[in-house]
Amino acid sequence: MSSPGVAAWVPLASAAVFVASNAALALYRNAIEGRRRPLQREAPKGKKAASSSVRFRSLLANEVSSWLGHVRGCFPRAPAGYFQRHWDSEPGGVQLADVHVADVDGVGIVSSVRVLPRRIFAGLGSEVASGGIGEVSTRKEYRGKGFAGRLLRRATTRMGMSPHHDQDMHISSLHSSKYAKYYEKLGWKRARTRFMKYKVGEECKIKGLTTIVYIKNTLHTLPLNPRQKATISKIYKSYSSAMLGPHSRDQEYWDSWVWGQLGLEQNVAIILVYREHDVPCGYGFVKVEDSECIDLGEFGADRREVERDGGEECFMALLELWPQN
């Protein structure tokens, strides 16, 4: 894992990378202060009314295969099985009411937006309900007609009053780069995440710290025992709960979304960091992108490491990383 000259892209200061996006930073304050109000967006100006042959509704049970075909067609560069995996790994299972579609007579699904119900940490251990936005997709020949915008407004409005969720959602987030300005027009706010590039060293030079690398080289096989998984879960909660944005994870979330998806990934390594104890003090999930780049997708350090130096030594030892000059 650690050969000279290999670069690693890592988030500047977060464990479980949260690109807080486009859902209105002010809404964080509203939710934390308890001002409960549904997310509603005004219709964008200049858009023509949709044809009467178009229906905006929730997905039906017999349309799941068609919907998966739709999103695969809209994102042809996505890895094989990517959307099926997202569907199958959803904690608690996908609620059809969270999948919003535009259906054209004689054509079928031409546009879609999916809501991913989550709970996120809001600092100091508090949590708020959140609605992630995913699979925003419109067939090429139907773009520019306002279908996605209407589905997004439908989704955010229903986040504040969906009866099948434990709590109304007053925060929404999504990841975007190319279409960031489009989402800003619909009411989301941009929150920037910075990344830094480090050079992997030849050996760990931090006294008292050792690392063990577990390479997952077969599908469905995670080289961790239940005790190690439980320790990682504990570290994650301790490290991330003080931040604003990381997802709160219950056991079902860990089993289906985290361990379940890692079990389907290729070229994944799980790294545990030890400091003179038989229990890990930090961990990281790493994906090898190519021979010159590895991606550190998640990092966490336990409370002792955070109190020592904010987890910096643990982080540097994790991949034997040293800043490039």
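Look a little higher up for the structure.
Keep in mind it's a predicted model, so treat the numbers as computed, not measured.

Counting residues in hydrophobic clusters, the biggest one holds 22 residues, and the most contacted among them are Ala-102, Val-113, Ile-133, Val-136, Phe-147, Leu-152 and Trp-188. Of all the secondary structure elements, the ones that give two or more residues to this core are β2 (54-58), β3 (99-104), β4 (108-122), β5 (127-138) and α4 (147-159). The greatest single-element share of this core, amounting to six residues, is contributed by α4.

This brings us to the pairing of β4. Taking burial as the measure, the 15 residues of β4 include twelve buried ones, the bulk of the element. With six bridges connecting them, β3 and β4 associate as antiparallel partners. Residue pairing for β4: His-100 is matched across the bridge by Val-113. Between β3 and β4, which pair antiparallel in sequence order, lie three residues; one of them, Gly-106, sits at a positive phi of approximately 80 degrees. Note: β4 against β5, ten bridges, orientation antiparallel. Among the inter-strand pairings, Ile-120 is bridged to a residue of β5, identified as Val-128. Hairpin connection between β4 and β5: a loop of four residues separates the two successive antiparallel strands, and Gly-123 in this loop has a positive phi of roughly 90 degrees.

Before going further, it helps to spend a moment on the packing of aromatic side chains. Under the criterion given, the structure shown has 14 aromatic pairs. Between the aromatic rings of Phe-56 and Phe-147, the centroid separation amounts to 5.8 Å while the plane-to-plane angle is 75 degrees, which identifies the pairing as edge-to-face. Taken as a pair, Phe-56 in strand β2 and Phe-147 in helix α4 lie far apart in primary sequence, 91 residues in all. Side by side, Phe-56 and Phe-147 carry an identical accessibility label, which is buried. Centroid distance Trp-67 to Trp-87: 5.3 Å. Interplanar angle 50 degrees. Geometry classified as tilted. With Trp-67 in helix α2 (residues 64-74) and Trp-87 in helix α3 (residues 82-89), this residue pair connects regions lying 20 residues apart in the sequence. Since its relative accessible area comes to 13%, Trp-87 is described here as buried. Each residue in the set Tyr-236, Trp-254, Trp-259, Tyr-283 and Phe-285 is aromatic and connected to the rest through ring pairs, giving one cluster. The ring of Trp-254 carries the charged tip of Arg-249 above its face, separated from the ring centre by 4.6 Å.

Before going further, it helps to examine the state of the cysteines. Taken as a whole, this structure holds zero disulfides when the rule is applied. With no disulfide of its own, Cys-281 lies 4.2 Å from the sulfur of Cys-314, the closest cysteine sulfur.

As a further point, take the packing of α2 against α3. Contact geometry of α2 with α3 gives a least axis separation of 9 Å together with a crossing angle of 135 degrees. Taken as axis vectors, α2 and α3 run oblique relative to one another. Here α2 runs over α3; the crossing is right-handed. Of α3, the residues touching α2 (which contributes Val-64, Trp-67, Leu-68, Val-71 and Arg-72) are Phe-83, Gln-84 and Trp-87. For the contact of α2 with α3, the per-class residue count stands at six nonpolar, one polar and one charged.

With that out of the way, let us pick up α4. The periodicity of an α-helix, 3.6 residues per turn, causes residues three or four positions apart to be oriented the same way. For α4, spanning 13 residues, the distance from its first C-alpha to its last is 18 Å, which sits close to the expected 18 Å at 1.5 Å a residue. Taking burial as the measure, the 13 residues of α4 include ten buried ones, the bulk of the element. Within α4 the residues assigned to the buried category are Phe-147, Ala-148, Gly-149, Leu-151, Leu-152, Arg-153, Arg-154, Ala-155, Thr-156 and Met-159. Buried positions along α4 lie against β2, β3, β4, β5, β6 (172-173) and α5 (180-185).

Here we come to α3. Every buried residue of α3 is accounted for by Phe-83, Arg-85, His-86, Trp-87 and Ser-89. Contacts from the buried residues of α3 go to α2, β3, β4, β5 and α7 (251-262).

This brings us to the side chain of Asp-302. In this fold, Asp-302 is placed in the loop between β12 (293-301) and α8 (303-309). A polar atom in the side chain of Asp-302 sits 3.2 Å from the backbone nitrogen of Arg-304. Discounting chain neighbours no more than four positions away, the residues touching Asp-302 are Ile-235, Pro-280 and Cys-281.

Parameters at a glance
- Residues numbered from 1 in each chain as written.
- Predicted model: local features only at pLDDT ≥ 70, side-chain atom pairs only at ≥ 80, totals over all residues.
- Heavy atoms only, no water.
- Core = buried A, V, L, I, M, F, W, Y, C linked by side-chain atoms within 4.5 Å.
- Buried < 20%, exposed > 50% of the residue type's maximum accessible area, 1.4 Å probe, protein only.
- Helix = DSSP H or I, 4+ residues; strand = E, 2+ residues; numbered from the N terminus.
- Pairing = 2+ DSSP bridges.
- Phe/Tyr/Trp six-rings, centres within 6.5 Å; stacked < 30°, edge-to-face > 60°.
- Lys NZ or Arg CZ within 6 Å of the ring centre and 35° of its normal.
- Disulfide = S-S within 2.5 Å.
- Axes fitted to C-alpha atoms, helices over the stretch in contact; angles between N-to-C directions.
- Parallel < 35°, antiparallel > 145°, perpendicular 65-115°, else oblique.
- Left-handed = near helix turned anticlockwise from the far one by under 90°.
- Contact = heavy atoms within 4.5 Å.
- Nonpolar A, V, L, I, M, F, W, Y, C, P; charged D, E, K, R; others polar.
- Expected span 1.5 Å × (residues − 1).
- Polar contact = N/O pair within 3.5 Å; in protein donor to acceptor, adjacent residues only side chain to side chain.

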